Amino acid sequence: MGIGIKILGTGTYFPKKILNNKDLEKIVDTSDEWIISRTGIKERRISSKSELTSDLAYEASKKAIKSAKLTNEQIDLIIVTTITPDMPFPATACLLQRKLGIKSIPAFDISASCSGFIYGLATAKAFIESGLYKTVLLVSSEELSKITDWDDRSTCILFGDGAGAMVLTASYKTNDCLSIFLGSDGIYSELLFLPGGGTAFPTSKNTVSQNLHKIKMQGNKIFKHAISKMVFAAKKALMLASKKKDDIRFFIPHQANIRIIESVAKKIGVSINNFFINITKTGNTSSASVITALDEAIKNGTVKNGDLVELIAFGSGLTWGAAVLRI
Ligand code: UT7
């Protein structure tokens, strides 16, 4: 066989501060009962003012590198996926590289919203298989709380902060990445977006007063696309891996809404018990969602060595993707 992918380790970091639904009742006109029944979320983690996306990425990276039993110097490519970078440029990956003290190796960001981790995985896989780089640190880190409109009850109840990381390396003996499928459709870009701060609406007093630097979402429409695209991606990645749904020990879906996850499970024809769900305590952490859920499933023994898992994600763009991995 040619060059395969070996997953060496994973790690997660969540900020300390917990914001629960009761806290949100004091901020907007909502209730703990509404949030739980409509989303499945009970609490989410919120970063402090001085805690940056690159700081969460750094903490998750340290854990992933430790679990991979490597030193920082053995990493030769850093990829960060985020829609909440520390700043528009330089890339958060470069800021992470500085914190890790790794010199000269390439580092760059990927912006693919909640599908970011799977896009990052595909990129890491391509770099490794081409022989260009051997050992990749892939980190998904998000601070949605910093771009959330805390006056908008239909969005502020959903999001949370967190980071997850994975270390992957080249292998001539095994291949832990059986398939990846990606898709996107820019026609629906305005269903979920942050309009301000780019070339469309450069930052000005007007963009600030019009609240253009916060998340805008048409939740209902996004909800329907999320289900159909996640089901489509999940089936495609299974087919590309020549596997059946029953071969998968656990499905690790993007944690956007418990009702989306339940509907995806039903449409794929899999028991919800085979879907790993941690949205209750994390909320939607965008690209960090799938990798932090996978790390938790590995660390708490839900997923064991040798198990097949399928990651399934969907996000703004629209973007979607799925991957079949052997843990
Ligand atoms: O990360 C990937 C992308 N994101 C997603 O996948 C999110 C997808 N969307 C969703 O999760 C859901 O659409 C939401 C949770 C955002 C909203 O749930 P919904 O069941 O689609 O509610 P809705 O927007 O249809 O609103 C139903 C009612 C409305 O009241 P009226 O007009 O029926 O009187 C809303 O004003 O619920 C009201 N509402 C709330 N009530 C209490 C909306 N947000 C809240 C709230 N608390 N936080």
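Structure's up top.
How each quantity is defined
Residues numbered from 1 in each chain as written. Predicted model: local features only at pLDDT ≥ 70, side-chain atom pairs only at ≥ 80, totals over all residues. Heavy atoms only, no water. Helix = DSSP H or I, 4+ residues; strand = E, 2+ residues; numbered from the N terminus. Rg over C-alpha atoms; globule rule 2.2 N^0.38 Å. Buried < 20%, exposed > 50% of the residue type's maximum accessible area, 1.4 Å probe, protein only. Areas by Shrake-Rupley, 256 points an atom, 1.4 Å probe, with all protein chains shown as cover. Lys, Arg positive; Asp, Glu negative; His and termini not counted. Charge placed at Lys NZ, Arg CZ, Asp CG, Glu CD. Expected span 1.5 Å × (residues − 1). 1 Å grid on protein atoms, 1.4 Å probe; cavity = no way out; pocket = protein on both sides within 12 Å on 5 of 7 lines; lining within 4 Å. Points joined across faces, edges and corners; volume = space filled by probe spheres on them. Core = buried A, V, L, I, M, F, W, Y, C linked by side-chain atoms within 4.5 Å. Contact = heavy atoms within 4.5 Å. Near = heavy atom within 4 Å. Polar contact = N/O pair within 3.5 Å; in protein donor to acceptor, adjacent residues only side chain to side chain. Nonpolar A, V, L, I, M, F, W, Y, C, P; charged D, E, K, R; others polar.

*Asks:* Quick one: what's the story with the overall build of the protein, residue by residue and with numbers?
*Replies:* Counting its secondary structure elements, the protein contains eleven helices and 13 strands. For a compact globule of 327 residues, the expected C-alpha radius of gyration is about 20 Å, and the protein comes in at 19 Å, within 12% of that figure. Principal-axis analysis of the C-alpha atoms places the extent of the protein at approximately 55 × 45 × 35 Å. In the protein, which comprises 327 residues, the share counted as buried stands at 54%. Carbon and sulfur atoms form 54% of the exposed surface of the protein, whose accessible area is close to 14300 Å². The average position of the 41 basic charges and that of the 30 acidic charges among the side chains of the protein differ by 3 Å.

*Asks:* For unusual backbone geometry, give the residues involved together with the corresponding values.
*Replies:* Cis geometry marks the peptide bond from Phe89 to Pro90, where omega comes out at 0 degrees. The topology assignment puts Pro90 in the loop between strand S4 (77–81) and helix H4 (92–100). Here the residue pair Gly317 and Leu318 is connected by a cis peptide bond, since its omega of -10 degrees sits within 30 degrees of zero. Following the sequence through the fold, Leu318 ends up in the loop between strand S12 (308–315) and strand S13 (319–326). Unusually for a residue other than glycine, Ser242 sits at a positive phi of about 55 degrees. Mapped onto the secondary structure, Ser242 falls in the loop between helix H8 (219–240) and strand S11 (250–253). Positive phi, close to 55 degrees, is recorded for Ser286, a residue that is not glycine. The topology assignment puts Ser286 in the loop between helix H10 (279–282) and helix H11 (288–299).

*Asks:* Account for H8, with residues named and values stated.
*Replies:* An ideal rise of 1.5 Å per residue puts 32 Å on 22 residues; H8 measures up with 31 Å between its terminal C-alpha atoms. Restricting attention to buried positions, one finds in H8 the residues Ile222, Phe223, His225, Ala226, Ile227, Lys229, Met230, Val231, Ala233, Ala234, Ala237 and Leu238.

*Asks:* So what about the layout of surface pockets? Which residues, and what values?
*Replies:* Approximately 250 Å³ is the volume attributed to the second largest pocket. Lining the second largest pocket are 13 residues, and of these Ile7, Leu8, Ile298, Asn305 and Ile327 sit closest to its centre. Counting only elements with at least two residues in the lining of the second largest pocket, the list comes to strand S1 (4–13) and H11. For the lining of the second largest pocket, the element with the most residues is S1, which contributes five residues.

*Asks:* For the nonpolar core, give the residues involved together with the corresponding values.
*Replies:* The nonpolar side chains of a soluble globular protein tend to be buried, and buried together. Residues Ile260, Val264, Ile268, Phe275, Ile312 and Phe314 are the most contacted members of the largest nonpolar core, which totals 46 residues. Only H8, helix H9 (258–268), S12 and S13 provide two or more residues apiece to this core. Considering each element in turn, this core owes the most residues, ten residues, to H8. With sequence-adjacent residues up to four places away left out, Val264 is seen in contact with Ile227, Met230, Val231 and Phe275.

*Asks:* Explain the site of the ligand to me, using residue names and the numbers behind them.
*Replies:* Surveying the vicinity of the ligand reveals 23 residues, the closest of which are Thr30, Arg38, His254, Asn257 and Asn284. Within the side chain of His254, a nitrogen or oxygen atom sits 2.9 Å from an oxygen atom of the ligand. Within the side chain of Asn257, a nitrogen or oxygen atom sits 2.7 Å from an oxygen atom of the ligand. Notes on the ligand: free accessible area 950 Å², of which the protein chains cover 73%. Mapped onto the shell around the ligand, the elements with two or more residues apiece are helix H2 (32–39), helix H6 (153–156), H8 and H9. Among the elements that make up the shell around the ligand, the one with the highest residue count is H8 (four residues). Residues of the shell around the ligand, tallied by class, amount to eleven nonpolar, eight polar and four charged.

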